[in-house]
Amino acid sequence: MPRSLFLGLDLSTQQLKAVIIDDSQTLIHTESVNFSREFTRFGTMDGVIRDLSFPSRIFTPVSLWLASLDLLLHRLSLHSHFSLNEIVAISGTAQQHGTVYWNGKEKTNLERLAEMSGMSLEEALKGSFSKEECPIWLDSSTTEFVDKFDSEIPNLNGITGSRAYHRFSGMQIAKIFKYEREIYDATSRISLISSLIPSILTGTVSPIDLSDACGMNLLDIQSLDWSPLCLSVALDTQEEGLISDLRCKLGRPVPSSTNLGVISGYFVSRFSFSPLCSIISFTGDNLSSLADLSLSEGDVLLSLGTSDTAIFCTSSFIPLKRGHVFIHPTNPHQFVTLICYKNGSLTRERIRERCRLSWDGVSDELKKTPIGNDGAIGIYFDMDEIEPRVRAGDYRWNEEGERVESFSPSRDMRAVLESQCLHLRSNCPREINRVILTGGASNNTDIRQMMSDVFGKEVFTAPVADSAAQGGAKRARYVYNSPDVPYSAYCTPNLTLVARPIPENVATYSQLLTIYQKREASLL
Ligand code: XUL
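- Within an unreviewed UniProt entry, the label attached to the protein reads Xylulose kinase, and the organism entered is Pristionchus mayeri.
- Annotation of the protein in UniProt includes, under Function (unreviewed entry), the sentence "Phosphorylates D-xylulose to produce D-xylulose 5-phosphate, a molecule that may play an important role in the regulation of glucose metabolism and lipogenesis."
- Under the UniProt heading Sequence similarities (unreviewed entry), the entry covering the protein gives this text: "Belongs to the FGGY kinase family."

1. Observations regarding the pattern of salt bridges
Then step 1. This model, assessed by the stated rule, comprises 35 salt bridges.
Then step 2. Put simply, Arg57 and Glu133 hold a salt bridge, and the shortest N to O gap is 3.3 Å. Taken together, the positions of Arg57 in the loop between β4 (49-50) and β5 (58-61) and Glu133 in strand β8 (residues 133-135) put the pair 76 residues apart, joining distant regions of the chain.
Then step 3. Judged by relative accessible area, Glu133 falls into the partly exposed class, the value being 31%.
Then step 4. The residue Glu152 makes a salt bridge to Lys148 at a minimum N-O spacing of 2.9 Å. Of this pair, Glu152 and Lys148 are both found in helix α5 (residues 143-152), four residues apart, which corresponds to roughly one turn of the helix.

2. Some thoughts on the sheet that holds β8
Then step 1. Within the open sheet, the three strands sit side by side as β4-β5-β8. Their pairing is antiparallel. Here the strands that pair on one side only, and so sit at the sheet edges, are β4 and β8.
Then step 2. Pairing geometry for β4 and β5, over two bridges, is antiparallel. Opposite Ile49, over in β5, you have Phe59 as the bridge partner.

Procedures and definitions
Residue positions within a chain follow its written sequence, with the count starting from 1. With pLDDT at 70 or above as the cut-off, local features in this predicted model cover only qualifying residues; side-chain atom pairs require 80 or more to be listed or tallied, and sums for whole chains, interfaces and linings still use all residues. Hydrogens and waters are ignored; side-chain quantities use all the structure's heavy atoms. UniProt positions are given in the numbering used here, feature names are shortened, and annotations may be inferred rather than shown by experiment. Here, a salt bridge means any side-chain nitrogen of Lys or Arg that lies within 4 Å of a carboxyl oxygen of Asp or Glu. Under the scheme used here, helices are H or I runs from DSSP no shorter than 4 residues and strands are E runs no shorter than 2 residues, and both carry numbers assigned from the N terminus. Relative accessibility thresholds used throughout: buried, under 20% of the residue-type maximum; exposed, over 50%; partly exposed, between the two (1.4 Å probe, protein chains only). When DSSP finds two or more bridges between a pair of strands, those strands are recorded as paired.

Structure, rendered in structure tokens:
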């Protein structure tokens, strides 16, 4: 009986990764190609090139991604415990916001790919792009356009799900239109990085994925089509011809569950893929990790890293001042909210070092203070915080609510951890079912228990390695099999229960939350 295998690809900033699973979600293989280590000839560092004369301009050559796909598939074809011929569907993901510019010749080049299976992808698609240097999410050279979008579209977050951000694709397109007009005019189609790989795999430029399109500041998240107002501001024009030309360049976006067709003959001849292998729309990496965890309404995902990120799902569209709302990649009737807090682990580490403690020592130190610190609150921001907008600084209030300069080490240590948990809690929906923790600090048992007590819910952890690529493989399996059950019932996440709420602590933290919110509000 032949096996059905599913391939998930993740084109991230530094590498292209592959995960293969079988029809019962068992992991069969992972493989990766590191851009800068394996392709020194492109001159990238950590997968990107920083323009020395404009350090905020950051890009990756599109040819590097083509060369990496070739090498990755070649490596996958060499294994004996599976064959590429067993792969029945491919989906995947990519870093968000970056854009790729085709020049009109791609039509012939992609169509003729099947006849060029003796050539590398890089050679076969040479001359198909109007711009070799693709702006990526790290680029922040677009201040002029961020200001323009913010001032000309006050309701931008209500239309697109986010206020204007430097890295969002609409800003990049606006910049190319204004400053590289020949390139813009020579562009036939614009892809997101997530739609580049499926375009190559199917041999025709793929539509942009609706969920990833929410990272462009161009999509009307409710009508599911490009916003005429955003397109007009991007081009600084009311001219209908120019606006509809940009609409054509972008193409009509499609849901993440779209089956884009079968694989191009190029991959059948070159790597022995089955000609029946289906290609499913790719989405953005954060959304794909969420698909890996089958996040649905009531779940809160907290990623505790350099910055702390809270992700949760809602059934209605609730625009935020400083968060991002995306269309849910596996449930088109839901929305995904992502809030990023700048001050995460660096702040935790700074206070820990200031108290001269190891992480084991932190645990002992916490035992010296009561849960809730007797109502004392410390809010610590190493960098200007974006959510809420508060200047960098350490802010402490004693149990009487008076501002004080310092706390004892044990009170300081408890205060930083408690205020970070309360900070995350205060922006999440009231009604939640469970909390999933990922990121470095999710290994800490004190933080796990504190989160559980602050949220009053069970806390789970999830493995994060390869999670975006895993999400791609799981989506490929779901769309290919099209079962009659929702995605969350079909693709089960690999979660471990690590903490249960302790009722008396939950009661203490629910009172402390009100105090915390008062103190935080006094800083605005
Ligand atoms: C999200 C973002 C990054 C990239 C990284 O808005 O810019 O997480 O997706 O790959």
